[in-house]
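# Remarks on the overall topology
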Amino acid sequence: MWEDLGVALEKVDKDKLKKKPDPDKLGFGVHFTDHMFLMKWNKTDGWHDARICPYQDFQLNPACMVFHYGQAIFEGLKAYRGKDDQLFLFRPKDNFERMNNSALRMCMPRLPVDKVVSALKAMIYLEKEWVPRTEGATLYIRPTMIAVEPMLGVKPSSSYYFYIIMSPVGAYYAEGCNPTKIYISDQYVRAVKGGVGNVKTAGNYAASLFMSEIAKKAGCTQVLWLDACEHKYVEEVGTSNIFFRIDNQLITPPLEGSILGGLTRDSVLKLAASWGIDVAERRISIDEVLEANGSGRLQEVFGTGTAAVISPVGELFYQEQHYIINNGKTGELAARLYTELQAIQNGYREDPFNWVVRVG
Ligand SMILES: *Cc1c(COP(=O)(O)O)cnc(C)c1O
């Protein structure tokens, strides 16, 4: 099997395997599995030297372009242990296709999607003992591409590494499924149309840290970003997309270039529509949200993303004012979507959209 993929396998010696972490204290992205996937790209050979090898440090020249100009893209997906102890992935091809869109924007090489998905499945099978058995815990998968040419000119690198590392994770938010407090910034912005807000590139996250720290000091877990031109329209929240339910309509901002097109966002839109819920992708201003909340028409707010799946919002903090949403409780639709998506991802529910891929 390994040879068919053109992927070499270099296994960790049995006596050198890591001790598994306490399944009840996994945290997020702290522990890493025994193996990783790695392949390299250059102009003459294209992608080559693909292998599943022991998880290891890289030795990189300090001039490597990724360290200076941030030519780096990544993805985030999960492996789930579900029905009959089987392992599942959720829409993995879509993640790597999105990564190829990111690659295009960042002048990086495209991935052979089918091959990479096959290699990922093989690696998860090899690491199957790392997929947690605890309820809600999963194996988080982080595909990453970095520019490794050692050269200080500002131009696209002529060589890259693509690698996949995996980390067993517990619930994403420390508060668990409790509604979060969200800070709305009317000062700092995340992305502009024509920029790279719709690309999963490293620099976006570096740029968001300053505002995140301000939010944390104010007792909030995430930042809700407004558009960069008018500081008026809602964009997204932290590393999640955002949804509002007003008068039974489910509303999320449209993908117009500054928002990351989340796969969870897309799945929620499709699931909700299939249940007969009125869904709308349209611009929504923060004034409209707060006005709807004031008049009792805002039923619930939640974020969507692979890490947390659905994260209900219990409170908004905007211009020194606190706004309580839905009495600070998880909304009915958020709860239904969370349960349904988890059941699909774990193979317990019929999968009407063919999202789930079995491993092994
Ligand atoms: C990854 C990400 C999301 C969510 O995407 P999913 O595919 O649902 O995990 C939303 N916003 C940003 C900025 C992201 O980086």
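Residues numbered from 1 in each chain as written. Predicted model: local features only at pLDDT ≥ 70, side-chain atom pairs only at ≥ 80, totals over all residues. Heavy atoms only, no water.

With four bridges joining them, strand β13 (residues 249–252) and strand β14 (residues 278–281) adopt parallel strand pairing. Looking at the pairing, Gln249 lines up with Asp278 of β14. Handedness of the crossover is the feature at issue here: the chain leaves β13, passes through helix α5 (residues 263–274), returns alongside β14, and the resulting connection is right-handed. (Pairing = 2+ DSSP bridges. Helix = DSSP H or I, 4+ residues; strand = E, 2+ residues; numbered from the N terminus. Right-handed = clockwise from strand over helix to strand, strands pointing away.)

Bringing the site of the ligand into the picture now. If you check the shell around the ligand, you find 15 residues, and the closest are Lys200, Tyr205, Glu236, Thr264 and Thr306. Within the side chain of Tyr205, a nitrogen or oxygen atom sits 2.4 Å from an oxygen atom of the ligand. Contact distances for the ligand include 2.7 Å between an oxygen atom and a backbone N or O atom of Leu263. Bound to the protein, the ligand loses 96% of the 380 Å² it would expose on its own. Considering only residue class, the shell around the ligand consists of three nonpolar, eight polar and four charged. (Near = heavy atom within 4 Å. Polar contact = N/O pair within 3.5 Å; in protein donor to acceptor, adjacent residues only side chain to side chain. Areas by Shrake-Rupley, 256 points an atom, 1.4 Å probe, with all protein chains shown as cover. Nonpolar A, V, L, I, M, F, W, Y, C, P; charged D, E, K, R; others polar.)

So, about the domain arrangement of the protein. Under the domain assignment, the protein is made up of domain 1 (2–169) and domain 2 (180–345). Placing the centre of domain 1 and that of domain 2 at their C-alpha centroids yields a distance of 28 Å. Facing the 20 residues of domain 1 at the interface are 21 residues of domain 2. Taken over both partners, the interface formed by domain 1 and domain 2 buries close to 1,700 Å², and the fraction arising from carbon and sulfur atoms is 58%. Considering only the side of domain 1, the residues that lose the most area to domain 2 are Phe74, Phe90 and Arg98, jointly responsible for 33% of the buried surface there. Seen at the junction of domain 1 and domain 2, the total is one salt bridge. Between Asp266 and Arg91 there is a salt bridge, with the nearest N and O atoms lying 2.8 Å from each other. The tally of links from domain 1 across to domain 2 stands at 13 residue pairs in polar contact (both at pLDDT 80 or more). If you list the elements that add at least two residues to the side of domain 1 that touches domain 2, you get β4 (72–74), β5 (77–81), β6 (87–90) and α2 (92–105). (Domains from an automatic or database assignment. Contact = heavy atoms within 4.5 Å. Buried area = accessible area lost by both parts, 1.4 Å probe. Salt bridge = Lys/Arg side-chain N within 4 Å of Asp/Glu carboxyl O.)

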